[in-house]
Amino acid sequence: MPELPEVEVVRRGLASSITGRQIARVRVFHPRPVRRHLTGPADFELQATGRTFAEPRRRGKYLWLPFTDGDAILAHLGMSGQFRLANVDAPLVPNTRIIFAFADGEPGLRFIDQRMFGGLSLSPGGAELPPEIAHIGRDPFDPEFDLADAVARLRRRKTVIKRALLDQQLVSGIGNIYADEALWAARMHYARPTSTMSRARAAAVISAAATVMRRALTNGGTSFDALYVDINGSSGYFDRSLAVYGREGQPCPRCGTPIRRESFMNRSSYRCPRCQRAPRH
Ligand SMILES: [Zn+2]
């Protein structure tokens with residue numbers, strides 16, 4: 001799943017290319033990406049036609065494309081969803097699922113999704129915040145993000161720090177990659193109980209997540225399998241700057257100890273065994 005920086009890269013690209021443009025025609029080539037639009041693909045095409053996009057927005061890893069009339073299209077990128085700009089008559093690349101043609105001409109917008117875990121759905125009244133994602137917590141890039149409040153909520157949880165970082169209702173936008181990077185930066189083990197953490201330690205790890213995601217955004221995001229791309233099809237290069245994620249056996253950039261990969265929450269967790277010691281039980 002793309003995390004906050006990769007989704008923000010997409011949002012910025014869309015903001016500069018579709019904001020203020022009116023949809024002239026929509027074509028849905030496969031029903032699966034619009035499965036959340038319960039009245040079907042033909043109705044999705046009909047409903048979107050004639051509307052004008054306002055500036056695309058994001059909360060955490062969730063992206064939506066507001067219309068000027070107060071409704072929105074909620075976009076789930078899933079594992080492999082991509083938006084790409086292309087002229088409407090240009091040859092379709094494989095896995096093109098939906099195309100938008102605009103009243104002012106080229107380029108059009110395409111939604112491409114190989115594995116089809118993602119998709120688009122119309123969200124009535126969703127321009128400000130689609131009700132479908134209203135439970136998602138604010139992310140650290142949000143001007144209204146309240147660090148003290150996030151710290152207080154985190155310390156009240158009877159859980160461990162990595163599970164808390166991945167909880168999108170607590171702080172959104174952080175996935176497996178940036179959680180591991182934040183924990184390394186804060187010198188913290190993933191299984192550290194949140195209830196034993198001081199305010200300062202909890203704030204440090206959340207701030208580390210914000211810092212690492214900001215650096216990733218500067219580098220266009222992280223891309224391991226060329227599925228996370230911007231609207232021109234280019235991938236980011238932050239994976240070259242990762243300290244621990246995907247670096248099993250390679251030296252910790254801080255102390256040189258080989259990075260260890262362990263299973264946690266059914267996924268790989270990477271840590272430095274010296275900088276990030278296991279909590280005592
Ligand atoms: Zn180390």
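Up top is the structure these notes are about.
Predicted model, so just to flag it, every value in this text is computed and none were measured.

### Examining the nonpolar core
With 42 residues, the main nonpolar core has L154, I161, I174, Y178, V205 and I206 as its most contacted residues. Of all the secondary structure elements, the ones that give two or more residues to this core are α3 (147-156), α4 (161-166), α5 (176-185) and α6 (199-218). Ranked by residues supplied to this core, first place goes to α6 with nine residues.

### Brief notes about the packing of aromatic side chains
Think of a pair of aromatic rings as described by two things: how far the centres are apart, and how the planes are tilted against each other in angle. Under the defined criterion, the tally for this structure stands at seven aromatic pairs. Where Y245 meets Y270, the ring centres are 5.1 Å apart and the plane angle is 65 degrees; that geometry is what we call edge-to-face. Taken together, the residues Y245 in the loop between α6 and β9 (260-264) and Y270 in strand β10 (residues 267-271) connect sequence positions 25 residues apart. Considered together, Y245 and Y270 belong to a single accessibility category, that of buried residues. One aromatic cluster in this structure is built from F53, F67, F100 and F102.

### Some remarks on the layout of surface pockets
If you add up the space inside the largest pocket, you get close to 330 Å³. Taken together, 16 residues line the largest pocket, and the ones lying closest to its centre are R57, R58, D139, D142 and P143. Of all the elements in the fold, those that place two or more residues in the lining of the largest pocket are α1 (4-18) and β2 (57-59). Broken down by class, the residue content of the lining of the largest pocket amounts to five nonpolar, no polar and eleven charged.

### Topic: the pattern of salt bridges
Tallied over the full model, the rule gives 16 salt bridges. Across the salt bridge formed by R51 and D71, the nearest N and O atoms sit 2.7 Å from each other. In this pair, R51 is assigned in the loop between α2 (41-48) and β2 and D71 in the loop between β3 (62-66) and β4 (72-76), connecting sequence segments 20 residues apart. D139 is the partner of R58 in a salt bridge, and the nearest nitrogen-oxygen pair spans 3.0 Å.

### Digging into the coordination of the zinc ion
In an ideal tetrahedron of four donors about a metal, each angle is 109.5 degrees. In an ideal octahedron of six donors, the angles are 90 or 180 degrees. Summarising the metal site, the zinc ion is bound by the protein donors C252 (SG), C255 (SG), C272 (SG) and C275 (SG), whose distances to it range over 2.2 to 2.4 Å. For the zinc ion, the four donor atoms in the first shell make angles of 99 to 116 degrees at the metal, a pattern classed as tetrahedral. Along the chain, the residues donating to the zinc ion are arranged with the sequence spacing C-x2-C-x16-C-x2-C. Remark: C272 occurs in the segment after β10 and C252 occurs in the loop between α6 and β9; sequence separation between them is 20 residues.

About the thresholds
- Residues numbered from 1 in each chain as written.
- Predicted model: local features only at pLDDT ≥ 70, side-chain atom pairs only at ≥ 80, totals over all residues.
- Heavy atoms only, no water.
- Core = buried A, V, L, I, M, F, W, Y, C linked by side-chain atoms within 4.5 Å.
- Buried < 20%, exposed > 50% of the residue type's maximum accessible area, 1.4 Å probe, protein only.
- Helix = DSSP H or I, 4+ residues; strand = E, 2+ residues; numbered from the N terminus.
- Phe/Tyr/Trp six-rings, centres within 6.5 Å; stacked < 30°, edge-to-face > 60°.
- 1 Å grid on protein atoms, 1.4 Å probe; cavity = no way out; pocket = protein on both sides within 12 Å on 5 of 7 lines; lining within 4 Å.
- Points joined across faces, edges and corners; volume = space filled by probe spheres on them.
- Nonpolar A, V, L, I, M, F, W, Y, C, P; charged D, E, K, R; others polar.
- Salt bridge = Lys/Arg side-chain N within 4 Å of Asp/Glu carboxyl O.
- Donors = N, O, S within 2.8 Å, 3.2 Å for Na, K, Ca; no water.
- Tetrahedral: all angles 85-135°; square planar, octahedral: opposite > 155°, others 65-115°.

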